[in-house]
Amino acid sequence: MSRRIRPTPVDSAIRRAIATSTGQGLFGILGISATDPAANWVIKYTSPLYGGEYPPAPRAVGAAARTALHISTATDFTWGTGCYVSPVIYPFSGAIYGRCGIVAKFDPKDWNIFDASSPLNVDLYMQWVDWQPLKPLLMLTVHANLANQYLRNSFRETFNVDCVVFPPDEVNPHYTRHSTHRWLAVSDWASPGRLQKGKLSGRFSDPKLVVVVAEDFEKVRGGLGRRTLIGPQAVPFNPPVTPADLVMAHRSGQIVTVSP
Amino acid sequence: MSRDALLAADVIARLLRPGALDGDAEDAALHLAGIEERLRSSHKGDGLRLMGDDVPVTAGDLPPEGWIWLLENLSAKDSEPSYQILDELYRQYPDQLLRLRFVDASISHPAVGERYATAIGQLRERRRVSLSQLPPSWPRNWLLAQINPEAEHTSASRFEDRAGAVAEISLYLVQVGTEEAFAILAGLMHETSEITAPAREQIDTVISASRESGVRWTTVPGFDE
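Remember, it's a predicted structure, so these values are computed and weren't measured experimentally.

Colleague: How would you sum up helix H4 (residues 83-92) of chain B? Please name residues and give values.
Modeller: Turning to H4(B), its buried residues are B:Ile85, B:Leu86, B:Asp87, B:Glu88, B:Leu89 and B:Tyr90. The elements touched by buried residues of H4(B) are helix H3 (64-72), helix H5 (96-106), helix H7 (138-147) and helix H8 (159-176) of chain B.

Have a look at this one:
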């Protein structure tokens with residue numbers, strides 16, 4: 001029902017690419033073992049306005065929206081509508097988006113994965129875009145964000161992609177590395193082949209505020225980068241905080257404060 | 001959904017615009033989730049109602065991004081949007097990308113999928129299902145209104161305008177590319193009215209280009225020969 005079925009000449013190649021990434025599994029793509037204590041954990045950063053109390057008191061305004069991680073519907077997100085997180089093995093990669101790191105558990109077993117950190121796979125996506133009947137409209141519209149969101153959602157719906165792995169597209173030399181870090185755009189499904197567009201994600205459990213980073217950032221280079229306003233002048237952080245530390249803190253209900 | 005709630009949703013629409021908040025898009029998205037929660041809880045779990053005479057909403061109540069957010073976000077618990085609102089939106093926004101997203105959203109409601117399941121099954125059995133035999137949906141009704149000038153909601157009266165309008169929406173449906181969209185297109189392909197000729201030619205062109213590149217359309221009901 002409501003599945004996108006229009007075929008293109010690159011569909012088979014895309015399905016093979018997804019099968020390969022899915023066969024590797026998310027942990028394989030990330031280069032970690034499934035037994036790594038941090039493997040099944042993600043982190044999502046937000047501002048203290050929303051993340052300062054997570055989960056919030058039951059009667060707080062908008063409390064239900066913070067009982068889980070949310071699905072982002074904003075039109076300018078890299079891979080369309082989805083729940084955006086970093087694997088906790090990159091504990092500070094998303095800190096450019098806010099001081100509060102919300103840690104949650106997940107299980108990516110059986111996820112269909114599209115690895116957009118592979119240039120070959122990105123090229124397949126571009127070829128798929130070439131075969132869209134309204135490509136000229138979608139490429140030339142003034143509403144670039146609406147068009148890109150539409151294309152990426154359609155792609156993920158067509159190929160039932162549960163998770164897109166992609167390199168950060170906003171960077172900071174100390175926190176966020178394009179070449180080595182990976183972020184995830186995770187799909188929730190409203191029905192087979194149709195993304196859930198809004199509401200809470202059912203993919204992650206037990207989200208808690210675990211990290212507070214004593215740093216603030218400023219957009220630079222037209223939003224391509226984020227400049228630290230306080231520090232750090234060099235990594236590692238002092239004292240060093242490992243992904244396993246954050247998992248332990250989640251379990252014990254502690255909040256870890258990280259200073260530059 | 002009450003008019004007040006819809007007007008409150010204007011806040012949502014503004015939040016969808018990049019840079020609308022001082023903070024980041026993540027914050028905006030979370031803020032949005034909170035507003036949605038409050039909107040829905042104000043309706044005591046009955047779902048949002050966007051159809052019926054008692055819902056005095058108009059296309060102008062939300063900016064287009066807000067409508068797209070709202071229409072794409074409707075679940076089985078929510079009513080389908082009224083065809084009148086969709087007519088208004090389509091008429092009010094000639095921008096092709098907005099129209100594409102309105103068309104897509106109009107047939108993405110779960111109720112449309114349920115209504116079309118039988119017809120899609122018939123098409124898969126290679127049975128012919130005309131546009132008028134298909135269950136109601138906004139694009140199907142809109143197309144019938146263009147093909148039959150006596151029908152209500154005919155937005156353009158000149159033959160050439162209506163033929164162009166039919167061709168335009170047919171391209172949106174090809175782009176949407178869902179089973180329901182192709183069921184409507186299959187119905188359109190069986191229309192013999194001259195007014196559908198440019199649309200049928202356009203659809204043929206898209207499919208032929210794909211077939212010439214070795215693509216088999218075996219999975220597409222109504223286009224699988």
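Colleague: Give me helix H10 (residues 197-212) of chain B: which residues, what numbers.
Modeller: Between its first and last C-alpha, H10(B) extends 22 Å over 16 residues, near the 22 Å set by a 1.5 Å rise per residue. The elements touched by buried residues of H10(B) are H8 and helix H9 (179-189) of chain B.

Colleague: Any chance you could break down the side chain of B:Arg101 for me, citing the residues and the numbers?
Modeller: In this fold, B:Arg101 is placed in helix H5. You can call B:Arg101 buried: its relative accessible area is 1%. Engagement of the side chain of B:Arg101 in a polar contact is seen with the side chain of A:Gln149, the distance being 2.9 Å. Within the local environment of B:Arg101, its side chain forms a polar contact with the side chain of B:Glu72, the two groups lying 3.0 Å apart. When residues no more than four places from it in sequence are discounted, the contact partners of B:Arg101 are A:Leu146, A:Gln149, A:Tyr150, B:Ile68 and B:Glu72.

Colleague: Quick rundown of empty space enclosed by the protein? Include the residues and the values.
Modeller: One pass over the full model with this rule turns up five cavities of 30 Å³ or more. Roughly 100 Å³ of internal volume is contained in the largest cavity. Residue lining of the largest cavity: 12 residues in total, with A:Thr73, A:Gln149, B:Trp69, B:Glu72 and B:Arg101 positioned closest to the centre. Looking at the lining of the largest cavity, the elements with two or more residues in it are helix H5 (144-158) of chain A together with H3 of chain B. Top element by residues in the lining of the largest cavity is H3(B). It accounts for four residues. By volume, the second largest cavity is sized at about 60 Å³. Along its surface, the second largest cavity is lined by A:Arg4, A:Ile5, A:Arg6, A:Trp128, A:Gln132, A:Ser154, A:Thr158, B:Gln175, B:Val176 and B:Gly177. Taken together, the elements giving at least two residues each to the lining of the second largest cavity come down to H5 of chain A together with H8 of chain B. Considered class by class, the residues forming the lining of the second largest cavity number three nonpolar, five polar and two charged.

Colleague: Go over the sheet that holds strand S3 (residues 100-106) of chain A, please, and point to the residues and values.
Modeller: Whenever strands of a sheet pair, they do so through backbone hydrogen bonds, lying parallel or antiparallel. Residue and element names in this part refer to chain A. Taken in spatial order, the eight strands make up an open sheet running S4-S5-S6-S2-S1-S3-S9-S12, and their pairing is mixed. Strand pairing shows two members of the sheet lacking a second neighbour, strand S4 (113-115) and strand S12 (256-258), which therefore form its edges. The sheet shows a mean angle of 35° between the axes of neighbouring strands, direction not considered. The pairing of strand S1 (residues 41-46) with S3 spans six bridges and is classified as antiparallel. Looking at the pairing, Tyr45 lines up with Gly101 of S3.

Rules and cut-offs
- Residues numbered from 1 in each chain as written.
- Chains lettered and ligands numbered in written order.
- Predicted model: local features only at pLDDT ≥ 70, side-chain atom pairs only at ≥ 80, totals over all residues.
- Heavy atoms only, no water.
- Buried < 20%, exposed > 50% of the residue type's maximum accessible area, 1.4 Å probe, protein only.
- Helix = DSSP H or I, 4+ residues; strand = E, 2+ residues; numbered from the N terminus.
- Contact = heavy atoms within 4.5 Å.
- Expected span 1.5 Å × (residues − 1).
- Polar contact = N/O pair within 3.5 Å; in protein donor to acceptor, adjacent residues only side chain to side chain.
- 1 Å grid on protein atoms, 1.4 Å probe; cavity = no way out; pocket = protein on both sides within 12 Å on 5 of 7 lines; lining within 4 Å.
- Points joined across faces, edges and corners; volume = space filled by probe spheres on them.
- Nonpolar A, V, L, I, M, F, W, Y, C, P; charged D, E, K, R; others polar.
- Pairing = 2+ DSSP bridges.
- Axes fitted to C-alpha atoms, helices over the stretch in contact; angles between N-to-C directions.

Function cannot be read off these values alone, since they describe shape.
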